[in-house]
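Here is what each chain is made of, one letter per residue.
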Amino acid sequence: EPEVTQTPSHQVTQMGQEVILRCVPISNHLYFYWYRQILGQKVEFLVSFYNNEISEKSEIFDDQFSVERPDGSNFTLKIRSTKLEDSAMYFCASALAGMYEQYFGPGTRLTVT
Amino acid sequence: AQKVTQAQTEISVVEKEDVTLDCVYETRDTTYYLFWYKQPPSGELVFLIRRNSFDEQNEISGRYSWNFQKSTSSFNFTITASQVVDSAVYFCALSEETGANNLFFGTGTRLTVIP
């Protein structure tokens, strides 16, 4: 069964460093998303991506964040200069079409020290 | 503005009991979708169900059933004959047609099934 994959599973970085979180969505899906979940809290939307551009972004997704689909399979989230409050689980998701169910990857736990 | 409320923070039941998880939503859109996701202790988010705003039929899938009532803006989830493997955090989520289909999640309900 196709699934969304994410690497790495855990990333530890120092404050101010850049990180890139990687995702491989399900191959025939067209919509891609990043969400984050601070420990013990709800899942929050960051950004959606369709047709090689950002469809929508939340207030959390400020200038420190960027997304890219560098090739036909990968979807990346870059945080330029990490802050302590960026520590969270980051989930990638993909959907076949808009309003369809989103399938989530296993997440990347980002720890900023 | 959209909002999803899961008033039950934590629920504990004894194995084989039935349990209902509540979800109340707010939206101005007439077309929207509602979802339930399960987050087991391992941390992944597992899709359970999607319902659109025009389909108020209740759905049953094995021990799981969902009750969608537009009149009360609720989309409740019932697990019948609960099992230890049902222990997880369950999230209700809303997607609006006018948005880019992103999901707005509730705060989740942690279900613990005691053997």
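Scroll up a little and you will see the structure.
Please read these numbers as outputs of a predicted model, since none were measured by experiment. (Residues numbered from 1 in each chain as written. Chains lettered and ligands numbered in written order. Predicted model: local features only at pLDDT ≥ 70, side-chain atom pairs only at ≥ 80, totals over all residues. Heavy atoms only, no water.)

Colleague: Which residues make up the packing of aromatic side chains, and what values do they have?
Modeller: Evaluation of the coordinates by the stated rule reveals 25 aromatic pairs over all chains. Taking 6.2 Å as the distance between ring centres and 35 degrees as the angle between the ring planes, the aromatic pair formed by A:Tyr33 and A:Tyr35 counts as tilted. Across the pair, exposure class does not vary: A:Tyr33 and A:Tyr35 are buried alike. Their ring planes at 50 degrees and their centres at 5.3 Å tell us that B:Trp36 and B:Phe77 sit as a pair that is tilted. A residue pair is termed long-range when its members are at least 10 positions apart, and B:Trp36 in strand 5 (residues 32-39) and B:Phe77 in strand 9 (residues 74-79) qualify at 41 residues. Side by side, B:Trp36 and B:Phe77 carry an identical accessibility label, which is buried. Ring pairs connect the aromatic residues A:Tyr33, A:Tyr35, A:Phe45, A:Phe91, A:Tyr103, A:Phe104, B:Phe35, B:Tyr37, B:Phe47, B:Phe91 and B:Phe105, which therefore count as one cluster. Lying over the aromatic face of A:Tyr100, B:Arg50 brings its terminal NZ or CZ to 4.8 Å of the ring centre. (Phe/Tyr/Trp six-rings, centres within 6.5 Å; stacked < 30°, edge-to-face > 60°. Buried < 20%, exposed > 50% of the residue type's maximum accessible area, 1.4 Å probe, protein only. Helix = DSSP H or I, 4+ residues; strand = E, 2+ residues; numbered from the N terminus. Lys NZ or Arg CZ within 6 Å of the ring centre and 35° of its normal.)

Colleague: With reference to specific residues and values, describe the pattern of salt bridges.
Modeller: Residues and elements named next belong to chain B. All chains considered together, the criterion is met by five salt bridges over all chains. The residue arginine 51 makes a salt bridge to glutamate 59 at a minimum N-O spacing of 2.4 Å. Using a relative accessible area of 7% as the deciding quantity, one classes arginine 51 as buried. For glutamate 59, a relative accessible area of 29% translates into the label partly exposed. Three or more residues are tied together by salt bridges with common partners; here these are Arg51, Asp55 and Glu59. (Salt bridge = Lys/Arg side-chain N within 4 Å of Asp/Glu carboxyl O.)

Colleague: Help me get a handle on the interface of chain B and chain A, residues and values and all.
Modeller: Counting residues at the interface gives 23 residues for chain B and 20 residues for chain A. For the pair chain B and chain A, the summed buried area comes to about 1,700 Å², and 61% of that belongs to carbon and sulfur atoms. Inspection of the region where chain B meets chain A yields one salt bridge. B:Arg50 is the salt-bridge partner of A:Glu101, the closest N and O atoms lying 3.0 Å from each other. The tally of links between chain B and chain A comes to four residue pairs in polar contact (both at pLDDT 80 or more). Those elements that place two or more of their residues in the side of chain B that touches chain A are strand 5, strand 6 (46-52) and strand 10 (88-96) of chain B. Among the elements that line the side of chain B that touches chain A, the one with the most residues is strand 5 of chain B, at five residues. Across the side of chain B that touches chain A, the residue classes tally to ten nonpolar, nine polar and four charged. (Contact = heavy atoms within 4.5 Å. Buried area = accessible area lost by both parts, 1.4 Å probe. Polar contact = N/O pair within 3.5 Å; in protein donor to acceptor, adjacent residues only side chain to side chain. Nonpolar A, V, L, I, M, F, W, Y, C, P; charged D, E, K, R; others polar.)

Colleague: Summarise the sheet that holds strand 3 (residues 19-24) of chain A; cite the residues concerned and give the values.
Modeller: Residue and element names in this part refer to chain A. Spatial strand order, 1-3-8-7: four strands in an open sheet with antiparallel pairing. Lying at the two open borders of the sheet, with one neighbouring strand each, are strand 1 (5-7) and strand 7 (65-68). Each adjacent strand pair in this sheet contributes to an overall mean axis angle of 20 degrees, direction not counted. One ladder, built from four bridges, connects strand 7 with strand 8 (residues 75-79); its direction is antiparallel. Its bridge partner lying in strand 8, glutamate 68 is registered against threonine 76. (Pairing = 2+ DSSP bridges. Axes fitted to C-alpha atoms, helices over the stretch in contact; angles between N-to-C directions.)

Colleague: Quick one: what's the story with unusual backbone geometry, residue by residue and with numbers?
Modeller: Going from A:Thr7 to A:Pro8, the amide bond is cis rather than trans, its omega being -10 degrees. Phi is positive for A:Asn52, which is not a glycine, with a value near 65 degrees. Here A:Asn52 is to be found in the loop between strand 5 (43-50) and strand 6 (53-57). In this model, B:Lys16 sits at a positive phi of 85 degrees, which is unusual for a non-glycine residue. One can find B:Lys16 in the loop between strand 2 (10-14) and strand 3 (19-21).

Colleague: Any chance you could break down the pairing of strand 10 of chain B for me, citing the residues and the numbers?
Modeller: Residues and elements named next belong to chain B. Counting buried positions along strand 10 yields nine of nine residues, so the element is predominantly enclosed. The side-chain alternation of strand 10 yields two buried faces, one formed by Ala88, Tyr90, Cys92, Leu94 and Glu96 and the other by Val89, Phe91, Ala93 and Ser95. As judged from the eight bridges shared by strand 5 and strand 10, these two strands associate in the antiparallel manner. Bridge pairing links tyrosine 33 to serine 95 in strand 10. Pairing between strand 10 and strand 12 (residues 109-114): three bridges, direction antiparallel. The residue bridging alanine 88 from the neighbouring strand is leucine 111, located in strand 12. The sheet contact formed by strand 10 and strand 11 (residues 104-105) spans two bridges and is antiparallel.

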